[in-house]
Structure formats: C-alpha cells, structure tokens
Amino acid sequence: MKNRPLSLSELDAFGAELDALRARTVASLGERDARYIRNVIKAVRYTEVAGRGLLFLGAFVHHVLVPAWIAGVLLLALSKILENMELGHNVIHGQYDWMGDPQLNGKTYEWDIVATSENWRKTHNHRHHTYTNVRGLDDDIGYGLLRIFPEQKWQPFFLLQPVIAPVFALLFEWGVAIQDLKLGRWMQGKMSGSALWRQFRPVGRKMARQVVKDYVVFPALAGPFFLPVLLGNVVANLIRNVWTYVIIFCGHFTAHAETFPREVVRNESRGHWYLRQLRGSSNISGGFVIDLLSGNLSHQIEHHFYPDIPANRYSELAVEVRDICRRYGQHYNTGSLPRQFGQVTWRILRHAFPSRPPRMAPLVANG
C-alpha cells in the first residue's frame, strides 16, 4: 500500500482521532496495568536468581556443568532482556509515573546496562522521540557509525559497515552509553578534553559499577570457578545486546521506513507529527512472546505515537491505529521478525556503497 498525501484538513482529523484514542486509553489505566508491570518485576528477579544459581551450580557440581551453565546463561539473558526492554525502557519513558511508586519513577529509575538512564532520557526520550528520523536532529539514524538510508552522505568509511554492524550489535549497550558524549566533536577539535571528561564522569561511574557487578563480584562468589561464571555473565550480556539491537533496528530501519529533512518540523502540527512518526517506524508481528521480549517495541508505531502509555496496551491500541491508518490511506508497516531484520540487513549492505535516495511521497498534499 502506498501512502496517500493528506490535505491539511485530513491531517488535522488524523491527529484528532489519534489524540482521542490516547485520551480514552489514559482514562482506562488502572489495576491491570499496575499488576502487569509488577509481574514483570517479579519475572526479572526470579529469572536472574535462577540464572545465577544455575551458573554457580554448574561451577560447583561438575557433572551438570554444561547443561546448568547453558540454562543459567539463557535465564540470566532473559532476565536482562526483560529488565532492559519491558521494565527499564518503558519505566524511563514515564509509563508508570501515574502509579506513584518510587520504584517505577521514570525520572529516577536506573537500569541494568552500562548506559546511564539520564543520558538515555536525553538522547532517546527527548531527541529521538521528538525528531524521529529527522536527519541532523535524530542521532539514532545510524548511530554515527552506519549509513542506513541513501539520504545520508556517503563516505569511504561506510564500506566497513558490514563488519562494523555485527560488532556494534554485540557491544550495543556500550554504544548507547557513549552516544551522548559527542566523541566526533572532540576528535574534530570542537570540544575540549576537559569538557569531554566532565560529560564522561557519570557515564564512567555507571560503566564501572556494571563491570564490577557482572564481571568481578558475581564471578568472585564462585571462588576457584571464577572463569565459568564470568564467561556466563559475558555471554548473557552479549545475548541481551544483540537482541536489543535487532529489535531497535527492526523498529526504525526497514525497507519502508523514511527519513526527513530538518524543514519538516517547522510549524509541525499534531497530525503532521503523527504522520512522520508513522512513516519513520516499523512493527514486528509475532504475538505475546515477541511483544514481551521486545518490551512491546514490536509495536514501534504505537510506541512512537504514545511513548508514555504503558506498553502492555500497545497490542490493543494497534487494532484501532491500523484501522485509522487504513482509512486515511497510510501504509502500516509491519512484518515478521525475519522479514523485517532481513530488510535491515539489506539496507546495511546496500548503503555501505554509494546510493541515491528514491522519490518519497509527500506528507501533505499541495494546496
């Protein structure tokens, strides 16, 4: 389905319908949403305890070493995925501030990765969600490393991105951690070393805490079996990093996702903002398991429309959002995980080489 340019009156009506859907959903928030996120917290805790317990069991009881280690790694990775995607990301968006629970306060929650939640609120909650896929304003377009859209200026460096991309996936939490440091400005001499150091100090403290917790304290508790437990923690974090990378990239960089020039945000109406979010986002089909493991970012369109609404509501919202998009002639970008990630991979490979942008349908009809 091709996108149909909307008239100004249609654009206003499109935005009004989506605003009304938001208002109805917010008015219905209550106990079932609170119960859901508290169950997620329990799942994070129980899978972490079980995972770490199995890693220790495998270390001390040699005849169950391999199966216990594998099960321990998978459970610990599951805990970290749930904490990162369904708990941390969504809480930091303020989705559960209405509960008044200090444990779920979006302004103070600190998550279990090397990146600080404070920097994430700045780079993700503000810049990315305000300027989604706007070139020069949204730093998530390629993360300063990858050329994913033909509108990005090509440089010979991008020939390396088929190798850089998988390394970035493995180290994704570290890339997120340094994203707001603007290392490029420092390397170009536009930022002093002392200014960079001031910005790095809180990030460095968070990195140190995470490294000590996962790679020193817990392995040390295993005594002479330090190395198997250390390796288990490393692998669990790598699994979480790759999964997070896959979900986030599938939400933004599929074949039909668009980028926009800076001019698009000048005097942008509410309906225009919704339309830009729609055309810059992609969903992943798959049902409850994919929804849970992705932090409901399988509904990236709904998340970009309503980032501060509890994510467990997105599957319900998607039914009405999809219908609204159909009635206004707008493509609702969704597909299976293999299909969407295949498109992302193609983009990374294709745009490592020079390419020209296609002609995109205008957001608003002339006249």
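Everything that follows concerns the structure shown earlier in this document.
Residues numbered from 1 in each chain as written. Predicted model: local features only at pLDDT ≥ 70, side-chain atom pairs only at ≥ 80, totals over all residues. Heavy atoms only, no water.

Asker: Help me get a handle on the nonpolar core, residues and values and all.
Answerer: Grouped together as the largest cluster of nonpolar side chains are 54 residues, with contacts concentrated most on L87, L104, F172, Y245, F249 and L337. Where this core is concerned, the elements lending two or more residues are helix 2 (31-60), helix 3 (65-92), helix 5 (161-170), helix 6 (172-178), helix 8 (193-220), helix 9 (226-250) and helix 14 (337-350). With seven residues, the top contributor of residues to this core is helix 9. Among residues more than four places away in sequence, those in contact with L87 are I37, V40, I41, V44, L82, L104 and Y109. Counting 22 residues, the second largest nonpolar core, distinct from the first, contains L6, Y306, I324 and C325. (Core = buried A, V, L, I, M, F, W, Y, C linked by side-chain atoms within 4.5 Å. Buried < 20%, exposed > 50% of the residue type's maximum accessible area, 1.4 Å probe, protein only. Helix = DSSP H or I, 4+ residues; strand = E, 2+ residues; numbered from the N terminus. Contact = heavy atoms within 4.5 Å.)

Asker: Please give an account of the packing of aromatic side chains that cites residues and values.
Answerer: Within the structure shown, the criterion is met by 18 aromatic pairs. Plain terms: the ring middles of W197 and F200 are 5.8 Å apart, the flat faces sit at 35° to each other, and that makes the pair tilted. Here the residue W197 and the residue F200 both occupy positions in helix 8, the gap between them amounting to three residues, near one helical turn. Overall, the relative accessible area of 26% leaves F200 in the partly exposed class. Lying across the ring of F218, R52 places its NZ or CZ 3.8 Å from the centre. (Phe/Tyr/Trp six-rings, centres within 6.5 Å; stacked < 30°, edge-to-face > 60°. Lys NZ or Arg CZ within 6 Å of the ring centre and 35° of its normal.)

Asker: Now, about the environment of S281: what can you tell me, with residues and values included?
Answerer: With respect to the helices, strands and loops of the structure, S281 is situated in the loop between helix 10 (270-279) and strand 1 (283-285). The class of S281 is buried, set by a relative accessible area of 1%. The spacing of S281 and H299 is 18 residues in sequence and 9.1 Å in space, taken between C-alpha atoms. Setting aside residues up to four positions removed in sequence, S281 forms contacts with G251, Q300, I301, H304 and N333. Here the side chain of S281 touches Q277 through a polar contact of 2.5 Å, landing on its backbone oxygen. Looking at S281, its side chain comes within polar contact range of the side chain of H304, at 2.6 Å. (Polar contact = N/O pair within 3.5 Å; in protein donor to acceptor, adjacent residues only side chain to side chain.)

Asker: Break down empty space enclosed by the protein for me, with residues and values.
Answerer: Space left empty within the atom packing is revealed by a probe, the size of a water molecule, rolled over the atoms. This structure, assessed with the given rule, holds two cavities of 30 Å³ or more. Approximately 170 Å³ is the volume found for the largest cavity. Looking at the largest cavity, it is lined by 20 residues, and the ones nearest its centre are H89, W120, F172, T244 and I248. Elements represented by at least two residues in the lining of the largest cavity include exactly helix 3, helix 4 (117-130), helix 6, helix 9 and helix 12 (300-305). The greatest single-element share of the lining of the largest cavity, amounting to four residues, is contributed by helix 9. (1 Å grid on protein atoms, 1.4 Å probe; cavity = no way out; pocket = protein on both sides within 12 Å on 5 of 7 lines; lining within 4 Å. Points joined across faces, edges and corners; volume = space filled by probe spheres on them.)

Asker: How would you sum up the packing of helix 3 against helix 9? Please name residues and give values.
Answerer: Across the interface, helix 3 lies against helix 9 with an axial gap of 8 Å and an inter-helix angle of 45°. Taken together, helix 3 and helix 9 sit at an angle that is classed as oblique. Relative to helix 9, the crossing made by helix 3 is right-handed. Contacts from W69, V73, L74, L76, A77, K80, I81, N84 and M85 of helix 3 reach helix 9 at P228, L231, G232, N233, V235, A236, N237, I239, R240, W243, T244 and I247. (Axes fitted to C-alpha atoms, helices over the stretch in contact; angles between N-to-C directions. Parallel < 35°, antiparallel > 145°, perpendicular 65-115°, else oblique. Left-handed = near helix turned anticlockwise from the far one by under 90°.)

Asker: Tell me what's going on with unusual backbone geometry, and back it up with residues and numbers.
Answerer: Its identity is not glycine, yet Y143 carries a phi of approximately 55°, on the positive side. In this fold, Y143 is placed in the loop between helix 4 and helix 5. Look at N296: it is not a glycine, yet its phi comes out positive at around 65°. Relative to the helices and strands, N296 resides in the loop between helix 11 (288-293) and helix 12.

Asker: Which residues make up the pattern of salt bridges, and what values do they have?
Answerer: Under the counting rule described, the total for this entry stands at 23 salt bridges. One salt bridge connects D112 with K213, and the closest N-O pair in it is separated by 3.1 Å. Residue D112 is located in the loop between helix 3 and helix 4, and its partner K213 is located in helix 8; the two are separated by 101 residues in the primary sequence. For D112, a relative accessible area of 15% gives the class buried. (Salt bridge = Lys/Arg side-chain N within 4 Å of Asp/Glu carboxyl O.)

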